[in-house]
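Take a look at the letters that make up each chain.
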Amino acid sequence: MIGVYGGTFNPVHYGHLRTALEVKELFDLEQLRLIPCHVPPHRDEPEVPAHLRLHMLEAAVAGTDGFSVDRRELDRAGPSYMVDTLHSLRNEIGGTPLLLFIGADAFAGLERWYQWQRLFDYAHVVVMTRPGYAELGVSAFLQQRIRADRTQLSRQAAGYLVFQEVTALDISATAIRELVAAGRDPQFLLPDRVIELIRRHHLYQTPIHHTGN
């Protein structure tokens with residue numbers, strides 16, 4: 001099975017990386033593709049250029065078995081719609097099961113995503129939840145796709161919805177940007193190689209209050 005984990009990664013931090021590693025192991029993924037978003041449809045465009053967010057992500061996962069950074073959204077003009085990303089991946093991988101990993105906050109707004117129902121034509125959707133997460137009321141369309149057993153995802157290419165608890169590291173990209181802007185040290189919140197790139201390129205030097213995790 002192949003996993004997809006998207007985001008602005010502005011910057012990538014241990015909250016992203018720990019959950020990525022956990023789901024790779026829990027779902028026995030052959031590969032987990034981290035896909036930096038170019039133009040987010042649902043939030044302000046990051047102030048850090050896409051190529052630098054890509055470099056930070058590549059530095060963070062370099063040498064990590066089974067992780068790869070996929071730049072297809074950076075190479076595509078216009079808003080980075082996940083349905084387009086999954087469609088292009090599906091054309092490459094044929095009938096291999098494809099899993100889209102999203103956070104609980106993103107899932108709460110899923111029905112506002114562009115052509116959200118078509119996501120299930122191309123992939124299973126796995127919602128990464130915190131301990132004690134109370135499952136939201138979901139539409140009939142989603143309800144019929146829920147599976148309690150994650151092993152069922154390997155039996156077909158796409159179409160199911162699974163909720164998976166992961167370790168909750170309460171690390172915020174927004175908070176990291178604010179720390180850096182204030183001249184404080186973000187060590188232990190994100191990899192040293194990413195901090196080195198932030199310092200080398202003088203990123204997040206002024207207070208930033210937009211874009212999310």
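Residues numbered from 1 in each chain as written. Predicted model: local features only at pLDDT ≥ 70, side-chain atom pairs only at ≥ 80, totals over all residues. Heavy atoms only, no water.

1. Re helix α2 (residues 50-61)
Let me state the cut-off plainly: Helix and strand assignments come from DSSP, with helices taken as H or I runs of at least 4 residues and strands as E runs of at least 2, each series counted from the N terminus. To estimate how far a helix should extend, the number of its residues minus one is multiplied by 1.5 Å. Note on classification: 1.4 Å probe, protein chains only; a residue is buried when its accessible area is under 20% of the maximum for its type, exposed when over 50%, partly exposed between these limits. Only heavy atoms matter for contacts: two residues are in contact if any of them lie within 4.5 Å across the pair.
Relative to the 16 Å expected for 12 residues at 1.5 Å per residue, α2 spans 17 Å between its end C-alpha atoms, a close match to the ideal helical length. Taken across its 12 residues, α2 has 9 buried, putting it largely inside the fold. Three or more residues of α2 are buried, namely Ala50, Leu52, Arg53, Leu54, Met56, Leu57, Ala59, Ala60 and Val61. Contacts made by the buried residues of α2 are with α1 (14-26), β2 (31-36), β3 (67-69) and α8 (192-200). After α2 finishes, the residue glycine 63 shows a positive phi value of roughly 85°.

2. Describing the nonpolar core
Quick note on the threshold: Among buried residues, the Ala, Val, Leu, Ile, Met, Phe, Trp, Tyr and Cys ones that are joined through side-chain atoms within 4.5 Å form a nonpolar core.
Of all hydrophobic cores here, the largest spans 37 residues; its most connected members are Phe27, Met56 and Phe101. For this core, the secondary-structure elements that each account for two or more residues are α1, β2, α2, β4 (98-103), β5 (124-129), α7 (173-181) and α8. When residues of this core are assigned to their parent elements, the largest contribution, 6 residues, is made by α2. Excluding its chain neighbours within four sequence positions, the residues that come into contact with phenylalanine 101 are Gly3, Val4, Tyr5, Val23, Phe27, Leu29, Leu32, Val126 and Met128. Ranked by size, the runner-up nonpolar core spans 26 residues in total, among them Ile35, Met82, Leu98 and Tyr122.

3. Thoughts on the packing of α2 against α8
The test is simple: Lines fitted to the C-alpha atoms define the axes, with helices restricted to the stretch that makes contact. Angles between their N-to-C directions range from 0 to 180 degrees. When an angle is under 35 degrees it counts as roughly parallel; over 145 it counts as roughly antiparallel; between 65 and 115 it counts as roughly perpendicular; any other value is oblique. Each crossing gets its hand from how the near helix is turned against the far one by less than a right angle, where anticlockwise is left-handed and clockwise is right-handed.
It is at 8 Å that the axes of α2 and α8 come closest, and there the two elements cross at 155°. Classed by the angle they form, the pair α2 and α8 counts as roughly antiparallel. The crossing of α2 and α8 is right-handed. Along its contact with α2, which presents His55, Met56, Ala59 and Ala60, the element α8 presents Arg193, Val194, Leu197 and Ile198.

4. As for the pairing of strand β6 (residues 161-165)
For clarity, the cut-off: Two strands qualify as a pair provided DSSP detects at least 2 bridges between them.
Burial within β6 is extensive, with 4 of its 5 residues counted as buried. Relative to β6, β5 runs parallel, the two being bridged by 5 bridges. Bridge pairing in β6 links threonine 129 to glutamate 165.

5. Details of the packing of aromatic side chains
What counts, and what does not: Any pair of Phe, Tyr and Trp rings, taking the six-membered ring for Trp, is counted once the centres come within 6.5 Å. Such a pair is stacked with planes under 30 degrees apart, edge-to-face with planes over 60 apart, and tilted for the rest. Cation placement over rings: the criterion is NZ of Lys or CZ of Arg within 6 Å of the ring centroid and within 35° of the ring normal.
With the rule as written, the count across this model stands at 6 aromatic pairs. Residues tryptophan 116 and phenylalanine 141 carry aromatic rings whose centres are separated by 5.2 Å and whose planes lie at 80° to one another, so their mutual orientation is edge-to-face. A residue pair is termed long-range when its members are at least 10 positions apart, and tryptophan 116 in the loop between α4 (104-108) and α5 (119-122) and phenylalanine 141 in helix α6 (residues 140-143) qualify at 25 residues. An aromatic cluster is built from Trp116, Phe120 and Phe141, whose rings are joined through pairwise contacts. Directly above the aromatic system of phenylalanine 141 lies the positively charged group of arginine 145, at a separation of 4.4 Å from the ring centroid.

6. Topic: the environment of serine 139
Stated formally: Between N or O atoms, a polar contact is any pair within 3.5 Å; within protein, one atom must be a potential hydrogen donor and the other a potential acceptor, and residues adjacent in sequence are included only when both atoms are from side chains.
Position of serine 139 among the secondary structure elements: in the loop between β5 and α6. Taking the C-alpha atoms as reference points, serine 139 and alanine 104, separated by 35 residues in sequence, lie 16 Å from one another. Leave out the neighbours within four places in its chain, and serine 139 touches Glu111 and Trp116. Of the polar contacts made by the side chain of serine 139, one reaches the side chain of glutamate 111; its length is 3.2 Å.

7. Section: the confidence of the model for the protein
Note the cut-off: Each residue carries a pLDDT score, the predictor's confidence in it, ranging from 0 to 100.
Summarising the model, the protein shows a mean pLDDT of 92, and 95% of its residues fall at 70 or more. No element of the protein has a lower mean pLDDT than α4, at 90, and none a higher one than α5, at 98.

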